[in-house]
Amino acid sequence: MRRKRFTTLFSAALFLFLAAGAGDALASPAAARTASFLDGGRRVSAERLGPAALGATGAVLAPVRLHYPGGRTVQASVGATAIVEVEPGAEGALAAAGVEVVRPLMPSIGLWLVKDTSGGDGLDLAERLQGAARPAFLREAIPDLHVRLVARGAPFTPNDPRLPGQWYFDDLRMEEAWGRTRGDASTSIVVVDTGCDLDHPDLAAKMDPGRDVIDGDDDPTYKPGEDGVSHGTACAGLVAADTDNGVGIAGGCPACRVRCVRLLDDEPRPISQSVDAFEFALQVNASVVSNSWGYAEPMPVPRVVEDAIDRLFDAGRDGKGALVLFAAGNDDREINDDELQAVRGVLTVGAVNHLEEQTSFTNRGSSIDLVAPTGTLSTDIAGSEGDSPTDYTSLFGGTSSACPVAAGVAGLLVSAAPERTASELYDVMIRTARPAPYAVPDESGHDPIFGHGIIDPVAALRELLGDEPPPPPLEGDGEPGPDAAEQVGCACAAAGAPSGERRGLAAAAILGLAAAVRGRRAARARRGG
């Protein structure tokens, strides 16, 4: 009996000992389930949610939940790679830090895709490089996060009443704008999206070589069978469909050329591919880059993506800067000041309907620069893969369609004044915007929904080209109509003033708005560090 009791006690002690050991063994991985890294000065905590596994794209990815300052969380995945930003020419020193260079991303600002020679994944590497032994030449190190991207407005069908055809160009008086310029073949507009139907009868003659950053090749053709696959083709049609050819629709910039970049599909995409898209636009000397996409979950823009956009804005187009337009998004929410749309080099475009009213979906906030009407009629993938058997769709919408409408206008402005910098052209677009009738602007002329107003290509071209404004519209008796002051661009408060006073008030308004625009963009620059 004593022996049995001793055996029982021994067994119990052994069980407790082993259980304690097992508990320690289980606790150890749990302690290692969190990591952190700095992204543009933000401390981001990454909670590992499970082991790495082979994903649908063939990459081995581990799921993580990112915790940003302020309480925001984002689902993502990490693979083997990280992105580093190093001092120019210092990439050769990475090997000594246990880092293998996979390929250059944007070497002109020191961005490289790398992996850990010791076998850790991108999160491990970013955390290690930012630790106590951080190399002196290292500016930034973040995991190459795989995050889900969404096309802005791809599934949205507006409920607003529509005018037949391309009513949105009528609202913008595009025929008058085209009378001043139809664009120029040297003006290249890059559409970053789901890829395009390169053989569409209204696009084929306008296409220059593009890029597929997902597959890493030079064929940006859409991939059949994916959700929302026609999105990129619709954006390209609004930007610069073949015009005056007796076929289909007109494009916003009739003479401009188009390049498509395939970045979006059904799978989460690494942020390095976004950098690849902007590097492609930089290398082909793009004049305008149209982006009707964003992160599926609101998140701070990764610093390396922000830097890539700003590089394009500062150094693109032979040093004068590319105009980088982003759709505001369709979540009916406030845009935070650290998101894609708030990047210094971005012009953010919201949407209005054909009555110039607020749409029910467009996002809002201090980063909204302008609004444009939704381009509901556009090119569709030809044949059975498209949304319509006619090769055109009348159901495009959301800020996705407003952004390429504005990008086509941007192409006209670059063509009219190629010597102007991107920053100068942004200011012209904002300063000449037509007041939105339902806006309630603040003292700087900005409304969180309508931005600085509705983009006005005629007024912008009038300023850039220095030509005389058209005469005010006449009533049936030959007298100027009651809206003549508005038609020639007078501020409402100045419309009844004597001519000299009107000029003074108009000049003061322009100077005030210009100062406000510069202040807003300077604030974006400060936010970007």
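To be clear, the structure that these remarks concern was listed above.
Everything in this summary refers to the structure shown in the same document. (Residues numbered from 1 in each chain as written. Predicted model: local features only at pLDDT ≥ 70, side-chain atom pairs only at ≥ 80, totals over all residues. Heavy atoms only, no water.)

**Points about the packing of helix 9 (residues 422–431) against helix 10 (residues 457–465)**
The following threshold applies: Convention adopted: a line fitted to C-alpha atoms gives each axis, helices being fitted over their contacting stretch, and angles between N-to-C directions are expressed from 0 to 180 degrees. The helix and strand labels rest on DSSP assignments: H or I over at least four residues marks a helix, E over at least two residues marks a strand, and numbering proceeds from the N terminus. Any angle that is under 35 degrees is reported as roughly parallel, and any over 145 degrees as roughly antiparallel; angles of 65 to 115 degrees are reported as roughly perpendicular and all others as oblique. Helix crossings fall into two classes, left-handed where the near helix is turned counterclockwise from the far one by less than a right angle and right-handed where it is turned clockwise. Only heavy atoms enter the contact rule, under which two residues are in contact if any of them lie within 4.5 Å. Three residue categories are used. Nonpolar comprises Ala, Val, Leu, Ile, Met, Phe, Trp, Tyr, Cys and Pro, charged comprises Asp, Glu, Lys and Arg, and polar comprises the others, including Gly.
Two elements in contact, helix 9 and helix 10, have axes separated by 8 Å at closest approach and are oriented at 130°. On the basis of the axis angle, helix 9 is oblique to helix 10. Two packed elements cross with a definite hand, and for helix 9 against helix 10 that hand is right-handed. Residue-level inspection shows Leu 425, Val 428 and Arg 431 of helix 9 in contact with helix 10, the latter providing Ala 460, Glu 463 and Leu 464. For the contact of helix 9 with helix 10, the residue count by class is four nonpolar, no polar and two charged.

**What to know about the pairing of strand 4 (residues 60–67)**
Note the following rule: Whether two strands pair depends on DSSP finding at least two bridges between them.
Where strand 2 (residues 42–48) and strand 4 come together, four bridges link them in antiparallel fashion. Residue pairing in the sheet places Ser 45 in a bridge with His 67 of strand 4. One ladder, built from two bridges, connects strand 3 (residues 53–54) with strand 4; its direction is antiparallel. Within strand 4, the position partnered with Leu 54 by the bridge is Val 60.

**Comments concerning the sheet that holds strand 12 (residues 188–193)**
In any sheet, the strands associate via hydrogen bonds between backbone groups, in a parallel or an antiparallel arrangement. Taking strand neighbours across the sheet as the criterion, the seven strands line up as 13-14-12-16-18-19-20 in an open arrangement whose pairing is parallel. Here the strands that pair on one side only, and so sit at the sheet edges, are strand 13 (211–212) and strand 20 (370–373). Here four bridges tie strand 12 to strand 16 (residues 288–291), and the two strands are oriented parallel to one another. Each residue of the ladder has a partner; that of Ile 189, found in strand 16, is Val 288. Sheet contacts for helix 6 (residues 271–283): strand 12, strand 13, strand 14 (257–262), strand 16 and strand 18 (323–327); angle to strand 14, the most-contacted strand, approximately 155°.

**Looking at helix 7 (residues 303–315)**
Heads up, the rule is: Helices are assigned an expected span. That span is 1.5 Å times one less than the residue count. Only protein chains enter the accessibility calculation, which uses a 1.4 Å probe. A residue is then buried if its area is under 20% of the maximum for its type, exposed if over 50%, and partly exposed in between.
Helix length check: helix 7 (13 residues) gives 18 Å between terminal C-alpha atoms against 18 Å at 1.5 Å per residue, within 8%. With 10 of 13 residues buried, helix 7 lies mostly within the body of the structure. Directly after helix 7, the chain includes Arg 317, whose backbone phi takes a positive value near 50°.

**Comments concerning the sheet that holds strand 8 (residues 111–116)**
Spatially, the four strands line up as an open sheet ordered 7-8-6-9, and their pairing is antiparallel. Each end of this open sheet is capped by a strand with a single partner; those strands are strand 7 (99–106) and strand 9 (138–143). The average undirected angle you get between the axes of adjacent strands in this sheet is 30°. Pairing of strand 6 (residues 81–86) with strand 8, which is carried by five bridges, proceeds in the antiparallel orientation. Looking across to strand 8, one finds that Val 84 is bridged to Trp 112. The strands that helix 2 (residues 122–129) touches are strand 6, strand 7, strand 8 and strand 9; relative to strand 9, the one it contacts most, it runs at about 155°. Contacting strand 6, strand 7, strand 8 and strand 9, helix 7 runs over the sheet at an angle of about 120° to strand 9.

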